[in-house]
Amino acid sequence: MPIPAVDVENLARQTAVRIQTGKSFGSGTIVRRQGQTYTVLTNWHVVAIVRGDRTIVTGDGLLHQPLGVPRRLGDTDLANVEFRSAIEYKVAPISAEPAAVGEPLLAAGFPAGAEVLAVAGGFVELLLPKSLPQGYSLGYTNEVKIGMSGGPIFNAKGFLVGINGRGKYRDPDFGVYAFEDGSEPTTELLEKMVKSSWGIPISIYLQFVSSDLGS
């Protein structure tokens, strides 16, 4: 059953973090807690290039230094980074069910240079039968700005269904809409893809979590 939109927004404010690396900015989502150690899920492109010390800023405005180096999840555009705190932070509840076309979504993150979380409503536009490179297959209508990469995508029930990664209207001539196997979308599909923001389904993260637990 859907929960009020304001409650989903509050959940986003409690679980989204700002990631600052030198002069670049990105977002992240708290997805796990073990004792006083928190795991933040973000995009690899947010944390891959070090232009200075990384800092994680939680919703209460406190600054946290990451533990160790970020860990990329396979060849996807996802990465884990951890921090430690005695303060109890909310962990984003993860959906066990995939998103569905037409399903309402709330996307959140910190636009570049902003200290206030941005939230954007929309719905699932496309679920690709085969993935774009780096795990991208969730297309949605929400407006995602630069800096919101790594932020959460929640469904109306308040479950995390994906992670932001790419905004709308990328130049198709650069091959950003070619599939992972090298094939190209039809003209009709490409038109929809260009008008969509793109995220990575949370199921990709869960595959890595389950493989870790099984090892």
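Residue positions are given per chain, counting from 1 as you read along its sequence in written order. Owing to the predicted nature of the model, reporting of local features is limited to residues with pLDDT of at least 70; listing and counting of side-chain atom pairs is limited to 80 or more, with chain, interface and lining totals taken over all residues. Calculated side-chain values reflect all of the structure's heavy atoms, with hydrogen atoms and water omitted.

### Regarding the overall build of the protein
We count a stretch as a helix when DSSP gives it H or I for four or more residues in a row; a strand needs E for two or more, and each element gets its number in order from the N terminus. Secondary structure assignment for the protein yields 4 helices and 13 strands. Relative to the 2.2 N^0.38 estimate, which gives 17 Å for 215 residues, the radius of gyration of the protein is 16 Å and therefore close to what a compact globule would have. Projected onto its principal axes, the C-alpha positions of the protein cover 50 × 40 × 40 Å. For every residue, the accessible area obtained with a 1.4 Å probe (protein chains only) is divided by the maximum for its type, and the residue is called buried under 20%, exposed over 50%, and partly exposed between those limits. With 215 residues in all, the protein has 48% of them scored as buried. Pairs of residues are marked as contacts when any of their non-hydrogen atoms sit within 4.5 Å. Expressed as a percentage of contacts within the protein between residues at least 6 apart in sequence, the contacts between residues at least 24 apart total 68%. We get accessible surface area from the Shrake-Rupley algorithm with a probe of 1.4 Å; when it comes to residues, only the shown protein chains can shield them. Carbon and sulfur atoms form 55% of the exposed surface of the protein, whose accessible area is close to 10,400 Å². The size measure is the radius of gyration over C-alpha atoms, and the globule rule it meets is 2.2 Å times the number of residues to the 0.38 power.

### Some remarks on the side chain of T42
Relative to the elements of secondary structure, T42 occurs in strand β3 (residues 37-42). At a separation of 2.6 Å, a polar atom in the side chain of T42 contacts the main-chain carbonyl oxygen of S27. Those residues in contact with T42 that sit more than four places away from it in its chain are I19, S27, G28, V47, D77, L78, A79, S149 and G150. In the analysis that follows, any N or O atom pair within 3.5 Å is treated as a polar contact, provided that within protein one partner can donate a hydrogen and the other can accept it, and provided that, for residues neighboring in sequence, both atoms belong to side chains.

### A closer look at the pairing of strand β7 (residues 79-84)
Examined bridge by bridge, β3 and β7 share 6 bridges and lie antiparallel to one another. From the neighbouring strand, V40 faces β7, where its bridge partner is V81. At least two DSSP bridges between two strands are needed for those strands to be called paired. Of the strand pairs in this sheet, strand β6 (residues 67-72) and β7 are connected by 3 bridges, and their pairing is antiparallel. Residue R72 lies in a different strand from β7, and its bridge partner there is A79.

### Quick notes on the environment of A48
Counting through the fold element by element, A48 comes out in the loop between α2 (44-47) and β4 (54-57). Separated by 146 residues in the primary sequence, A48 and V194 place their C-alpha atoms 25 Å from one another.

### Remarks on the nonpolar core
Where a protein is soluble and globular, its nonpolar side chains tend to be buried together. By convention a nonpolar core is built from buried Ala, Val, Leu, Ile, Met, Phe, Trp, Tyr and Cys residues, the set being connected through side-chain atoms within 4.5 Å. In terms of nonpolar packing, the biggest core is built from 30 residues, with L41, L78, L132, F154, M193, W198 and Y205 touching the most fellow members. Those elements that provide at least two residues to this core are α1 (5-15), β8 (104-109), β12 (160-166), α3 (187-194), β13 (197-201) and α4 (202-214). No other element matches the 4 residues that α4 contributes to this core. Counting residues in each nonpolar core, the second largest holds 12 residues, with I30, Y38, V40 and V46 among its members.

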